[in-house]
Amino acid sequence: MPPWVEQGYREYAKRISGELRLDLIEIAPAKRSKRADIARTLLDEGERMLKAIPKACRVIALEVDGAAWSTEELAQQLDDWLRSGSDLALLVGGPEGLAESCRQRADGSWSLSPLTLPHPLVRVVISEQIYRALSLLRNHPYHRG
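To keep things clear, this report deals only with the structure shown in the data block. (Residues numbered from 1 in each chain as written. Predicted model: local features only at pLDDT ≥ 70, side-chain atom pairs only at ≥ 80, totals over all residues. Heavy atoms only, no water.)

## What about the side chain of E63?
Argument step 1. With respect to the secondary-structure elements, E63 resides in strand β1 (residues 57-67).
Argument step 2. For E63, a relative accessible area of 14% translates into the label buried.
Argument step 3. Among the polar contacts listed, one links the side chain of E63 to the side chain of R103, at a separation of 2.4 Å.
Argument step 4. Setting aside chain neighbours within four positions, we find E63 in contact with L98, R103, S109, W110 and S111. (Helix = DSSP H or I, 4+ residues; strand = E, 2+ residues; numbered from the N terminus. Buried < 20%, exposed > 50% of the residue type's maximum accessible area, 1.4 Å probe, protein only. Polar contact = N/O pair within 3.5 Å; in protein donor to acceptor, adjacent residues only side chain to side chain. Contact = heavy atoms within 4.5 Å.)

## Section: the environment of A30
Argument step 1. Within the fold, A30 resides in the loop between α1 (3-16) and α2 (38-52).
Argument step 2. Taking the C-alpha atoms as reference points, A30 and L42, separated by 12 residues in sequence, lie 8.3 Å from one another.
Argument step 3. Leave out the neighbours within four places in its chain, and A30 touches T41, D44, E45 and R48.

## A word on the layout of surface pockets
Argument step 1. Looking at the largest pocket, its volume works out to about 1300 Å³.
Argument step 2. What lines the largest pocket is a set of 37 residues, among which D23, L24, I25, A89 and L90 lie closest to the centre.
Argument step 3. Within the residue set of the lining of the largest pocket, elements represented by two or more residues are α2, α3 (71-84), β2 (87-92) and α5 (119-137).
Argument step 4. Residue composition of the lining of the largest pocket, grouped by class: 25 nonpolar, six polar and six charged.
Argument step 5. In this model, the second largest pocket occupies a volume close to 440 Å³.
Argument step 6. Lining the second largest pocket are 21 residues, with L62, E63, V64, T116 and L117 positioned closest to its centre.
Argument step 7. Counting only elements with at least two residues in the lining of the second largest pocket, the list comes to β1 and α5.
Argument step 8. Of the residues forming the lining of the second largest pocket, the biggest block, four residues, is contributed by β1.
Argument step 9. Grouping the amino acids of the lining of the second largest pocket by side-chain chemistry returns 10 nonpolar, seven polar and four charged. (1 Å grid on protein atoms, 1.4 Å probe; cavity = no way out; pocket = protein on both sides within 12 Å on 5 of 7 lines; lining within 4 Å. Points joined across faces, edges and corners; volume = space filled by probe spheres on them. Nonpolar A, V, L, I, M, F, W, Y, C, P; charged D, E, K, R; others polar.)

## A closer look at the nonpolar core
Argument step 1. One finds I16 and L78 to be the most contacted residues of the largest nonpolar core, which totals 16 residues.
Argument step 2. When residues of this core are traced back to their parent elements, those giving at least two are α1, β1, α3 and α5.
Argument step 3. Of the residues forming this core, the biggest block, six residues, is contributed by α5.
Argument step 4. C57, A61, L98 and A99 belong to the second largest nonpolar core, which has 12 residues in total. (Core = buried A, V, L, I, M, F, W, Y, C linked by side-chain atoms within 4.5 Å.)

## Regarding α5
Argument step 1. A rise of 1.5 Å per residue sets the reference length of α5, with its 19 residues, at 27 Å; its end C-alpha atoms lie 27 Å apart and thus fit the reference within 8%.
Argument step 2. Taken from the residues just after α5, N139 is the one with a positive phi, measuring 55 degrees. (Expected span 1.5 Å × (residues − 1).)

## A look at the packing of aromatic side chains
Argument step 1. Within this structure, the stated rule accounts for four aromatic pairs.
Argument step 2. The interplanar angle of 40 degrees and the centroid separation of 5.9 Å between the aromatic rings of Y12 and Y131 together place this pair among those described as tilted. Here Y131 lies in helix α5 and Y12 lies in helix α1, a separation of 119 residues in the sequence.
Argument step 3. Y131 sits in the buried class, given a relative accessible area of 10%.
Argument step 4. Joined through ring pairs, the aromatic side chains of Y12, Y131 and Y142 make up one cluster. (Phe/Tyr/Trp six-rings, centres within 6.5 Å; stacked < 30°, edge-to-face > 60°.)

In structure tokens:
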């Protein structure tokens, strides 16, 4: 990842760290070629993602057609997730999206935007939005919406 991605992600993960831990688990994308079997590639990536999910974890798939929450709605979702006491896994798919097995495993879905966002940017946006939602829950002045 470019340095700006790592720097942005780390900055928000650090800000969050007083209350919760944000762990990034990267699943290396499969090699893609002109003759690649995309269905098999997606299946393989999905299997590796599912194996990386901790036990008893709530899973939210990031999908373009998922729930489009406002900041306030995300804060409420975050509050609900925190109160549940379960760990949370946010799944971001590869270039072709998420495998069907990942969608089926998900307890819900979230859309950051109807736009297609590059993966490096998604990492920064998710960490910033979680920080923003947490700051809203804690009456921190970061969110001035």
